[in-house]
Amino acid sequence: MTKVKVFNIAPKIPEELRFLEELSFNMWWSWNPAAYELFERIDPALWHSISGNTRRFLAKVPQKRLEELAKNKSYLQQLKRVKTEYENRITQPPPQNEKVIAYFSMEYGIHESIRIYSGGLGVLSGDHLKAASDLKLPLVAVGLLYQEGYFKQIIDYTGRQLEQYPENEIYHMPLTRALDQQQNEVTVKVRLLEREVAAAVWELQVGNIRLFLLDTEIPENPPEFRKITKRLYDGDRQMRLEQELLLGIGGFKALVQLGIEPAVCHMNEGHAAFLSLARIPHLMDAYHLDLEVALEIVWRTNIFTTHTPVPAGNEAFDIKLLTPYLDALQDEIEVKTKRIIDWGLAVPGDTSKKMSMTILGLRMSAFSNGVSELHGVVSRKMWQHVWPGRALNEIPITHITNGVHISTWLSTRKRRLYDRYLEIGWFQSLDKKMLTESTANIPDEELWMAHESCRHTLIRRSRKNIKAQAFGSSLWGKMNEDTKILDPNVLTIGFSRRFATYKRGTLLLQDPERLERLINNPEHPVQFIFSGKAHPADKDGKKLIQELIEFSQKPAIRGKMVFLENYEISLARDLVQGADVWLNTPRRPMEASGTSGMKAAANGVLNCSILDGWWAEAYTPERGWAVPANDDYEDAEDCDAFESNALFNLFENEIVPLFYERSEGIFPLGWIKMMKASIAMALGSFSSTRMVNEYNTKFYQPALQEYDRLFENDAEEAKKLRDQKERLIAHFDKLKIEEPHVEGDLNTAHVGDIFHVSVKAFLSDLNPDDIDVELYSGQVNNQNEIFEGNPMPMDLAEELGAGHYLFTYDLKCAHSGRFGLTARITPKGNNWKNSKPGFICWPE
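These lines cover the structure that appears in this document, whether it is placed above or below. (Residues numbered from 1 in each chain as written. Predicted model: local features only at pLDDT ≥ 70, side-chain atom pairs only at ≥ 80, totals over all residues. Heavy atoms only, no water.)

1. A few points about the overall build of the chain
And step 1. Across its full length, the chain holds 29 helices and 28 strands.
And step 2. In summary, the chain has a C-alpha radius of gyration of 29 Å against a globular reference of 28 Å for 844 residues, a match within 12%.
And step 3. Its C-alpha atoms put the chain at 95 × 70 × 50 Å along the principal axes.
And step 4. Taking all 844 residues of the chain together, 56% fall into the buried category.
And step 5. For the chain, long-range pairs separated by at least 24 residues make up 73% of all intrachain contacts whose partners lie at least 6 apart in sequence.
And step 6. By element, 49% of the accessible surface of the chain is carried by carbon and sulfur atoms, the whole surface being about 35,900 Å². (Helix = DSSP H or I, 4+ residues; strand = E, 2+ residues; numbered from the N terminus. Rg over C-alpha atoms; globule rule 2.2 N^0.38 Å. Buried < 20%, exposed > 50% of the residue type's maximum accessible area, 1.4 Å probe, protein only. Contact = heavy atoms within 4.5 Å. Areas by Shrake-Rupley, 256 points an atom, 1.4 Å probe, with all protein chains shown as cover.)

Here it is, written out as structure tokens:
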């Protein structure tokens with residue numbers, strides 16, 4: 001076939017409107033209402049028909065309409081205001097000498113028109129970038145550009161989920177080819193077995209943040225390599241491995257070629273954990289460091305966030321599949337395959353297990369966290385075996401609770417209301433007292449009317465969604481013109497999330513007759529809107545969807561419980577803005593965080609949830625409802641029956657009566673009071689501004705400072721750490737410590753008593769300046785295990801000869817209770833507190 005030269009012809013944008021061209025290439029418009037309205041105002045029908053794709057939209061606007069707007073004074077005034085705001089908010093890229101944080105994620109949910117996300121993880125990544133932009137952090141991001149992204153969900157006539165994969169129109173997306181410092185287009189190469197895959201690097205501007213996306217659908221690659229970035233979360237394990245090698249190794253290489261050298265790397269989940277395999281050799285080559293020195297710098301300036309609270313949900317690869325890929329990279333990464341695999345094994349050398357990407361991420365990061373307070377506890381328990389001998393409360397996994405980008409998820413009506421009654425800058429404020437007081441000042445009637453308007457919008461768009469579903473489905477065809485689809489004046493319960501079995505989307509179907517009575521209460525009716533996708537390979541998740549749809553088609557239920565297909569960002573916005581109650585029923589503690597409830601709360605939607613994830617730390621009776629749970633059930637069916645009954649009791653006895661309580665007028669004042677408490681809580685404690693600020697304070701700034709410290713004086717400190725580590729490895733296994741000797745009878749101890757404790761330790765060829773001998777004491781559980789112990793440094797009392805020493809400590813009994821004590825040896829100082837595995841010696 002003759003080679004064809006492809007080119008685009010776009011309308012000529014008048015000079016007066018030239019700013020629209022620049023704005024269309026920056027996703028900043030998507031969370032700024034005035035900027036959004038600039039596009040919508042041009043042609044509302046066209047704008048909504050193309051799902052807010054700014055590039056495709058401007059290409060379709062008639063030339064005549066653009067010329068009309070160039071003479072429209074009102075439009076030009078609005079454009080000028082938006083341009084001024086844009087120039088105030090958007091800064092130039094960080095200077096070349098400024099240290100940069102690189103954020104790596106497998107998916108990004110920024111807007112429904114950019115289909116490179118599947119669900120919560122991607123949306124969280126998108127909100128992270130938006131908040132980082134608002135805060136003007138020196139952060140760049142890396143991901144993959146998928147040709148088809150995640151699937152489009154279709155519900156067939158039996159209620160079964162089907163998947164379609166429409167292609168992303170890359171040349172109609174707000175992307176540009178990423179350029180290096182010489183203005184050349186950047187392409188990176190990564191060795192996969194005996195060949196190299198090439199990836200073009202694209203750039204998407206998210207406010208102040210540059211998001212770089214790797215794309216293997218280019219002519220240089222053979223067909224099998226072009227497919228690497230075809231679909232997000234491809235079920236094929238080899239393809240998944242190649243995607244993650246490309247993300248980690250190729251993504252880091254892309255930054256280097258662009259002239260960006262990250263001082264800190266943040267891995268959002270284990271998918272990006274291979275990035276260290278590119279970062280280590282880069283530091284070796286660029287700064288003439290040996291492997292062990294480079295390794296000390298890398299792991300001490302890496303950050304790892306885990307989102308998965310069950311072991312089976314964490315990414316892992318069969319060692320037989322992985323080994324040939326790592327072998328092929330040997331000349332480049334300069335780390336032996338066996339050592340890399342050991343980094344990803346709980347017990348190094350145990351090749352009967354798969355290599356865990358989570359363990360690899362944890363081992364290669366000094367800063368690690370779960371995504372809620374409860375998830376931090378669960379993660380420390382789940383991964384305690386990676387640090388043998390370490391007490392649970394000392395497992396180096398903390399938590400930073402997720403947050404949501406308020407400006408993205410707040411309805412226009414609520415935002416105008418908050419602008420009117422809350423203090424200036426409320427959407428980025430962390431002043432909880434101010435937010436609580438100013439939210440209380442919002443007039444009840446105005447808040448309720450704004451909320452009712454949002455519910456009406458949700459019902460209208462839900463009806464439109466259902467009618468669109470009816471075209472290809474006899475199932476929805478039963479909803480004829482005589483069927484009333486939802487009622488805008490009825491209590492509306494929203495349940496929208498990924499359909500996985502642990503999320504228990506059918507919990508209310510435990511008692512279908514009771515559910516039917518709840519829905520059809522003649523005085524106080526209730527309606528339900530469900531939405532969500534099951535993973536294509538999750539047969540059980542798909543079955544849950546089918547069961548819900550089958551129940552919703554009962555004649556007495558039809559039109560009062562609906563399932564909206566193809567859950568994505570625009571539908572999520574409608575739901576979290578317009579529902580009255582946000583329902584969440586995970587099996588505790590399997591919800592790492594959950595962010596949809598935060599989005600709902602910011603809009604005044606009340607949460608009703610199991611005390612799991614974020615709700616375990618957010619819940620108070622003034623803000624919503626906690627479904628009573630019983631963790632003692634060993635049988636899942638018994639647990640479901642108990643919690644389903646508890647949920648029905650909440651609906652029947654508290655939620656429904658409160659919503660319809662109008663004794664003091666036409667507004668439900670008790671409900672509105674809870675709405676205000678929910679809004680203040682979400683704005684003050686669960687925004688992505690708070691979240692990213694916390695990452696910056698706890699992780700980013702300390703890691704940046706560590707980077708400077710390690711590189712000072714030709715990496716002198718990193719070299720000292722290398723030498724210290726080698727010394728500890730050579731001698732630590734030889735150390736011994738005896739059980740503590742206590743002068744006096746601990747069984748007669750009282751508060752205020754002081755006991756003299758001594759312990760003998762053998763330090764081999766180490767000296768007391770190398771280590772800390774600590775008395776370790778704390779309360780004990782029923783198994784006589786110390787929990788939340790307190791390490792207390794002991795004093796060197798005497799050198800006994802031949803490497804033996806005596807250490808002492810005066811232990812004061814400060815509190816009553818049942819306690820235990822022992823002793824241990826650890827390296828001196830804090831340099832090895834987060835090392836994996838740590839150096840620790842207990843009495844034998």
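2. Quick word on the environment of Leu-548
And step 1. Looking at the element boundaries, Leu-548 is found in helix α23 (residues 539-552).
And step 2. Along the primary structure Leu-548 and Leu-518 are separated by 30 residues, whereas in three dimensions their C-alpha atoms are 16 Å apart.
And step 3. If we skip the residues at most four places from it in the chain, Leu-548 touches Phe-499, Gly-505, Thr-506, Leu-509, Phe-530 and Met-561.

3. A word on the packing of aromatic side chains
And step 1. For the structure on display, the rule yields 36 aromatic pairs.
And step 2. Between Phe-528 and Phe-651 the ring centres are 6.1 Å apart and the planes differ by 80°, which places this aromatic pair in the edge-to-face class. Linking Phe-528 in strand β16 (residues 526-531) with Phe-651 in helix α27 (residues 636-660), this pair joins segments that are 123 residues apart in sequence. With respect to burial, Phe-528 and Phe-651 carry one shared label: buried.
And step 3. Clustering of aromatic rings is evident, with ring pairs tying together Phe-495, Phe-499, Phe-528, Phe-530, Phe-563 and Phe-651. (Phe/Tyr/Trp six-rings, centres within 6.5 Å; stacked < 30°, edge-to-face > 60°.)

4. Notes on helix α29 (residues 688-731)
Note: α-helices contain 3.6 residues per turn, so residues at a spacing of three or four share the same orientation.
And step 1. Compared with the 64 Å implied by 1.5 Å per residue over 44 residues, the 46 Å span of α29 between its first and last C-alpha is markedly short.
And step 2. If you look at α29, its biggest bend is around 120°, right at Asp-714. (Expected span 1.5 Å × (residues − 1). Bend = angle between axes of the 7 residues up to and from the residue.)

5. Examining helix α11 (residues 291-300)
And step 1. Of all 10 residues in α11, 9 are buried, a share of seventy percent or more.
And step 2. Among the residues making up α11, those that are buried are Leu-291, Val-293, Ala-294, Leu-295, Glu-296, Ile-297, Val-298, Trp-299 and Arg-300.
And step 3. As for α11, its buried residues are in contact with α10 (276-287), β10 (302-305), α14 (337-343), α15 (357-363), β13 (367-370) and α29.

6. Examining the sheet that holds strand β28 (residues 819-827)
And step 1. The antiparallel open sheet is built from 3 strands, whose spatial order is β25-β24-β28. The sheet is open, and its two borders are formed by β25 (790-793) and β28, each paired with just one other strand. Between one strand and the next, the sheet's axes are offset by a mean angle of 30°, whatever the strand orientation.
And step 2. Both strand β24 (residues 771-779) and β28 contribute to a ladder of 9 bridges, which runs antiparallel. Looking at the pairing, Asp-772 lines up with Thr-826 of β28. (Pairing = 2+ DSSP bridges. Axes fitted to C-alpha atoms, helices over the stretch in contact; angles between N-to-C directions.)

7. Description of unusual backbone geometry
And step 1. Cis geometry is found at the peptide bond from Arg-588 to Pro-589, where omega equals 0°.
And step 2. Tracing the backbone through its elements, the reader meets Pro-589 in the loop between β18 (581-584) and α25 (596-602).
And step 3. The phi dihedral of Gln-183 is positive, around 65°, even though this residue is not glycine.
And step 4. Relative to the helices and strands, Gln-183 resides in the loop between β5 (176-177) and β6 (187-192).
And step 5. The phi angle at Arg-504 is positive, at roughly 50°, despite the residue not being glycine.

8. Focus: the nonpolar core
And step 1. Counting residues in each nonpolar core, the largest one holds 179 residues, and the members touching the most others are Leu-23, Phe-104, Phe-274, Ile-280 and Ile-825.
And step 2. When near neighbours in sequence (up to four residues on either side) are disregarded, Phe-104 contacts Val-142, Leu-247, Gly-248, Gly-251, Phe-252, Leu-255, Cys-265, His-266, Met-267, Asn-268, Ala-272 and Leu-275.
And step 3. By size, the runner-up hydrophobic cluster in this structure holds 90 residues, among which are Leu-447, Phe-499, Leu-544 and Leu-548. (Core = buried A, V, L, I, M, F, W, Y, C linked by side-chain atoms within 4.5 Å.)

9. Overview of the packing of helix α2 (residues 33-42) against helix α6 (residues 73-89)
And step 1. At a minimum axis separation of 9 Å, α2 and α6 run at an interaxial angle of 150°. Our classification of the angle between α2 and α6 gives roughly antiparallel. Here α2 runs over α6; the crossing is left-handed. From α2, Ala-34, Ala-35, Glu-37, Leu-38, Arg-41 and Ile-42 reach across to α6, where they touch Ser-74, Tyr-75, Gln-78, Leu-79 and Val-82.
And step 2. Split by residue class, the contact of α2 with α6 holds 7 nonpolar, 2 polar and 2 charged. (Parallel < 35°, antiparallel > 145°, perpendicular 65-115°, else oblique. Left-handed = near helix turned anticlockwise from the far one by under 90°. Nonpolar A, V, L, I, M, F, W, Y, C, P; charged D, E, K, R; others polar.)

10. Describing the packing of helix α9 (residues 237-257) against helix α12 (residues 319-328)
And step 1. Two numbers describe how α9 lies on α12: the axes approach to 11 Å, and their chain directions differ by 40°. Viewed along their axes, α9 and α12 adopt a mutual orientation that is oblique. Between α9 and α12 the crossing geometry is right-handed. Of the residues in α12, those touching α9 at Arg-237, Gln-238, Leu-241, Glu-242 and Leu-245 are Leu-321, Leu-322 and Tyr-325.
And step 2. Of the residues contributing to the contact of α9 with α12, the split by class is 5 nonpolar, 1 polar and 2 charged.

11. Digging into the pattern of salt bridges
And step 1. By the definition in use, this model includes 49 salt bridges.
And step 2. Residue Arg-573 is joined to Glu-112 by a salt bridge in which the shortest nitrogen-to-oxygen separation is 2.8 Å. Here Arg-573, found in helix α24 (residues 569-578), pairs with Glu-112, found in the loop between β1 (100-104) and α7 (120-134); they are 461 residues apart in sequence, far enough to count as distant.
And step 3. Here the salt bridges do not stand alone but share partners, grouping Arg-237, Arg-240, Glu-244 and Glu-315 into one network. (Salt bridge = Lys/Arg side-chain N within 4 Å of Asp/Glu carboxyl O.)

12. What to know about the pairing of strand β23 (residues 754-762)
Residues in a regular strand point their side chains to alternate faces of the sheet.
And step 1. Looking at chain direction, strand β21 (residues 736-737) and β23 are connected through 2 bridges and run antiparallel. The residue of β23 that forms the bridge with Ile-737 is Ala-761.
And step 2. Of the pairings in the sheet, the one linking strand β22 (residues 741-743) to β23 comprises 3 bridges and is antiparallel in character. Directly across from His-741, in β23, lies its bridge partner Ser-758.
And step 3. For β23 and strand β27 (residues 804-812), the ladder comprises 9 bridges, and the chain directions are antiparallel. Paired with Ser-758 across the two strands is Thr-808, which belongs to β27.

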